Amino acid sequence: EHLLIPWGLEKSGSGRSSSLAAYGIMHSVIFPLVLFPSAISSSFAGLLVPEISESAAAKDNKRIERIISRVLKTVLLYSIGVAGIMICLSSEFGSVMNLESSAAKYILLISPLIPVMYLDTSVDSILKGLGHQLYCMIINILDALLSVILVWILLPRYGIMGYIITVYFTELTNAILSITKLICVTKTKFKILDWLAKPLISAIISTSLVSFLLSKLSLFAQSKLDVAIHIFILAIIYFILLCLTRAISLKSIKKSIKNFINA
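Residues numbered from 1 in each chain as written. Predicted model: local features only at pLDDT ≥ 70, side-chain atom pairs only at ≥ 80, totals over all residues. Heavy atoms only, no water.

## Focus: a nonpolar patch on the surface
Now for step 1: Judged by side-chain polarity, Leu225, Ile229, Phe232, Ile233, Ile236, Phe239, Ile240, Leu244 and Leu250 come together as a nonpolar surface patch covering roughly 880 Å² of accessible area.
Now for step 2: No other element matches helix H12 (residues 224-244), which puts eight residues into the nonpolar patch.
Now for step 3: Among the secondary structure elements, Leu244 is positioned in helix H12.
Now for step 4: On the basis of relative accessible area, Leu244 is assigned to the exposed category, the value being 65%. (Patch = residues over 30% accessible without salt bridge, like charges linked within 9 Å, V, L, I, M, F, W, Y side chains within 5 Å. Areas by Shrake-Rupley, 256 points an atom, 1.4 Å probe, with all protein chains shown as cover. Salt bridge = Lys/Arg side-chain N within 4 Å of Asp/Glu carboxyl O. Helix = DSSP H or I, 4+ residues; strand = E, 2+ residues; numbered from the N terminus. Buried < 20%, exposed > 50% of the residue type's maximum accessible area, 1.4 Å probe, protein only.)

Put into structure tokens, the structure is as follows:
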């Protein structure tokens, strides 16, 4: 796949240097930036394997269901918020990182996929904890195979957009297959309203509000400190809206913090 990407971009009409530049921006800047916040959720997901394995060995299905529900909800709330921040501040990220205008566009295009990426990582960890490592391996091999085929077909025709389409298709396929397996194995019920609808509405309102205020007050980020402040403001507004929509409650947060300290 990595060998085919520069070849496909060059075949699409781009020169060799511009093809390698576009490839370099995607893999050395865009994906590291988009995936950087997943350091929190992926570390959290890694801790699930022994927890779920222990519960599975004890055949404590109720505890497994509680863990899975809490994990899926937490990851979705977090990743949707991250996606909102990336979408809202994509131009600012590009500016403070001294990137070309096209890089900000790539951040904007990839960011909606963040919840899928982060959720898929957590679901894979849960499945491994339940003893379905072979299934995860097969899905990852299928993912890699689809990536190679789509890169070979789409990049010569559509250039870098063909690669973005490939990423979307493979990530969505991987996530759908993993989540379907999880539902079949554990009978987990997805709470669409609390886990998806409410955080999406909160993210849309918070990003729209912050974008409006920044444009009206001409507060486009000039430094990394400005970006950090804008991220903080967005996160606070998003959190308040999650509380107002009752997607989360302060009582549950206090309880989780207490359990973490006691652990």
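## Points about the pattern of salt bridges
Now for step 1: Across all of its chains, the model carries one salt bridge by this definition.
Now for step 2: Residues Asp194 and Lys198 are paired through a salt bridge, measuring 2.9 Å at the closest nitrogen-oxygen approach. Here Lys198 and Asp194 lie together in helix H11 (residues 192-216), a separation of four residues that amounts to about one turn.
Now for step 3: The class for Lys198 is buried, based on a relative accessible area of 17%.

## Points about the nonpolar core
Now for step 1: Ranked by internal contacts, the top residues of the largest apolar core, which has 58 residues, are Met26, Ile30, Leu72, Ile110, Ile126, Tyr163 and Leu182.
Now for step 2: Ranked by residues supplied to this core, first place goes to helix H5 (residues 61-88) with twelve residues.
Now for step 3: Counting residues in hydrophobic clusters, the runner-up holds seven residues, among them Leu77, Tyr238, Leu242 and Ile248. (Core = buried A, V, L, I, M, F, W, Y, C linked by side-chain atoms within 4.5 Å.)

## Considerations on unusual backbone geometry
Now for step 1: Positive phi, normally seen in glycine, also occurs at Arg246, with a value near 65°.
Now for step 2: Structurally, Arg246 can be placed in the loop between H12 and helix H13 (250-262).
Now for step 3: A relative accessible area of 70% places Arg246 in the exposed class.

## Observations concerning the side chain of Ser55
Now for step 1: By the secondary structure assignment, Ser55 is in helix H4 (residues 48-57).
Now for step 2: Take Ser55: its relative accessible area is 3%, and that puts it in the buried class.
Now for step 3: If we ignore the near neighbours within four places in the chain, the residues touching Ser55 are Asp60, Arg63, Ile64 and Ile67. (Contact = heavy atoms within 4.5 Å.)

## So, the packing of helix H8 (residues 114-129) against helix H10 (residues 160-186)
Now for step 1: Running from N to C, H8 and H10 cross one another at 35°; their axes reach a closest spacing of 9 Å. Between H8 and H10 the crossing geometry is left-handed. Residues Val116, Met117, Leu119, Asp120, Val123, Asp124, Ile126 and Leu127 of H8 form the contact with H10, whose own contacting residues are Val167, Glu171, Leu172, Asn174, Ala175, Ser178, Ile179, Lys181 and Leu182.
Now for step 2: For the contact of H8 with H10, a count of residues per class yields eleven nonpolar, two polar and four charged. (Axes fitted to C-alpha atoms, helices over the stretch in contact; angles between N-to-C directions. Left-handed = near helix turned anticlockwise from the far one by under 90°. Nonpolar A, V, L, I, M, F, W, Y, C, P; charged D, E, K, R; others polar.)

## Some words on the packing of helix H3 (residues 38-46) against H4
Now for step 1: Two elements in contact, H3 and H4, have axes separated by 5 Å at closest approach and are oriented at 30°. The angle between H3 and H4 falls in the class roughly parallel. On H4, the residues touching Phe44, Ala45 and Gly46 of H3 are Leu48, Val49 and Pro50.
Now for step 2: Residues of the contact of H3 with H4, tallied by class, amount to five nonpolar, one polar and no charged. (Parallel < 35°, antiparallel > 145°, perpendicular 65-115°, else oblique.)

## Some points on the packing of aromatic side chains
Now for step 1: Counted by the stated rule, this structure contains three aromatic pairs.
Now for step 2: The interplanar angle of 85° and the centroid separation of 6.4 Å between the aromatic rings of Phe31 and Tyr163 together place this pair among those described as edge-to-face. Taken together, the residues Phe31 in helix H2 (residues 16-35) and Tyr163 in helix H10 connect sequence positions 132 residues apart.
Now for step 3: The class for Tyr163 is buried, based on a relative accessible area of 4%.
Now for step 4: Consider the rings of Tyr78 and Tyr118, whose centres lie 6.3 Å apart with planes at 25°: the pair is stacked. Separated by 40 residues along the polypeptide, Tyr78 in helix H5 and Tyr118 in helix H8 bring together distant segments of the chain. (Phe/Tyr/Trp six-rings, centres within 6.5 Å; stacked < 30°, edge-to-face > 60°.)

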